[in-house]
Amino acid sequence: MISRVKARVMAVISLGESEGLGDLVPGLCEEDAECSLIKFAEKEPFVFHRRLIKGPPPVYRWVAWKVALKLKQRRIPGRYQQLKTSHDSKFLPIIQRDLDRTFPMHPLFGDAKYSGKSQAALRNILAVFVACNPHIGYCQGMNFVAGFLLIISGFREEESFWAFLSIMTNKIDEDLIKVEGVGGLYSEGFPLLRTMDRLLAQTLCRTLPLVKEHLAAVELREELWLNKWLSMIFLHHLPMAHCVRVWDYFLARGASGILKICVSVLKHISQKLLSSDFAESFEILKNLKDGRDLPLPEKLISTAEKVSTDWTCLLYTSPSPRDLSTSRMPSSACKKKKNKK
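Residues numbered from 1 in each chain as written. Predicted model: local features only at pLDDT ≥ 70, side-chain atom pairs only at ≥ 80, totals over all residues. Heavy atoms only, no water.

**Quick word on the pattern of salt bridges**
If charged atoms from side chains of opposite charge come close, those side chains can pair.
Working step 1: Taken as a whole, this structure holds 18 salt bridges when the rule is applied.
Working step 2: For the salt bridge of glutamate 157 with lysine 84, the shortest nitrogen-to-oxygen distance reads 3.2 Å. Pair noted here: glutamate 157 is in helix 11 (residues 157-169) and lysine 84 is in helix 6 (residues 79-84), with a separation of 73 residues, a long-range link.
Working step 3: Of the charged contacts, one joins lysine 212 and glutamate 222 as a salt bridge, the two residues approaching to 3.5 Å between their closest N and O atoms. Within this pair, whereas lysine 212 is found in helix 13 (residues 209-217), its partner glutamate 222 is found in the loop between helix 13 and helix 14 (226-231), the two being separated by ten residues in sequence.
Working step 4: Note on lysine 212: relative accessible area 22%, which makes it partly exposed. (Salt bridge = Lys/Arg side-chain N within 4 Å of Asp/Glu carboxyl O. Helix = DSSP H or I, 4+ residues; strand = E, 2+ residues; numbered from the N terminus. Buried < 20%, exposed > 50% of the residue type's maximum accessible area, 1.4 Å probe, protein only.)

As structure tokens, then:
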């Protein structure tokens, strides 16, 4: 039975999103699918990641993401519910003001019929995370990451919390699954953000020198556009369909995947950028949501895969995770950090 389930799971994952997957869905238990994929990812991590980059079928996307983030291994049964009832309420005001700004055009967040429950789940995830990880704290952008996980998971609050925790605090393992945490995009001093800014500048000098020179010539500084791309992992700047596929890529490639997508986007909009002034360039970089200036997601990812450089310094710029297995919360309160402008 297990071998048949595994065969069906791998058949699904190896196919593209539009190859008659409906016939494979009936009778396939999600728990069986997750267990089989975990075994496969441990045995064939390179193949697993290639298939994740190719794009899992929508019905199995959340399962594949959970496997990429090792949720089954990290999740502590009952711990989230315990933390949700004991976290410090002093963190809520800074989080509360960003709830209405999170995916306001998405029906599950913007529609009054659903927004109450959706925002409550988002508030819980962020408040528990910040209370448990005061060394990272809270910053704008984290709300979009947590909100996106809620959307993709079908609003499974607890699973979304553990996925969010993994994305922020994962450390490189000894094996080949290398999805490192990106908490350094938000922690004090923004170490990962600064490193990524520097690496992208170096990569553009080599791969897109004309774009680099143009942005310098019109005096369009990176903090005006790049930092928002990075801190929101494109969730506020790309069409939703692009975001879903870009996140498949991000969860397979880690922080380096985010930078490669940056290079890919810039390459595909380079001609339009090079013929624009400061104001026009800024608008182009800020308003990509309609998708008119972008290729299809598959082309964007294909271009990203061809970007080659040394990203190893990204692996050491994320904060260490806190142990959530004990019942005690961190004793030090999280200082409220100012949101990035």
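What follows picks up the thread again.
**Describing the environment of phenylalanine 155**
Working step 1: One can find phenylalanine 155 in the loop between helix 10 (142-153) and helix 11.
Working step 2: In this structure phenylalanine 155 comes out as partly exposed when scored by relative accessible area, which is 24%.
Working step 3: Residue contacts for phenylalanine 155: discarding those within four places in its chain leaves Leu108, Phe109, Ser118 and Leu150. (Contact = heavy atoms within 4.5 Å.)

**Considerations on the confidence of the model for the protein chain**
Reading predicted coordinates in detail is not appropriate for stretches of low pLDDT.
Working step 1: Confidence along the protein chain averages 81 in pLDDT terms, with 78% of residues attaining 70 or more.
Working step 2: Note that pLDDT drops below 50 for residues 4-27; the model gives that stretch 42 contacts with residues more than four away or on any other chain.
Working step 3: Segment residues 172-179 is flagged for pLDDT under 50; beyond a separation of four residues in sequence, or across chains, it makes 20 contacts in the model. (pLDDT = per-residue confidence, 0-100.)

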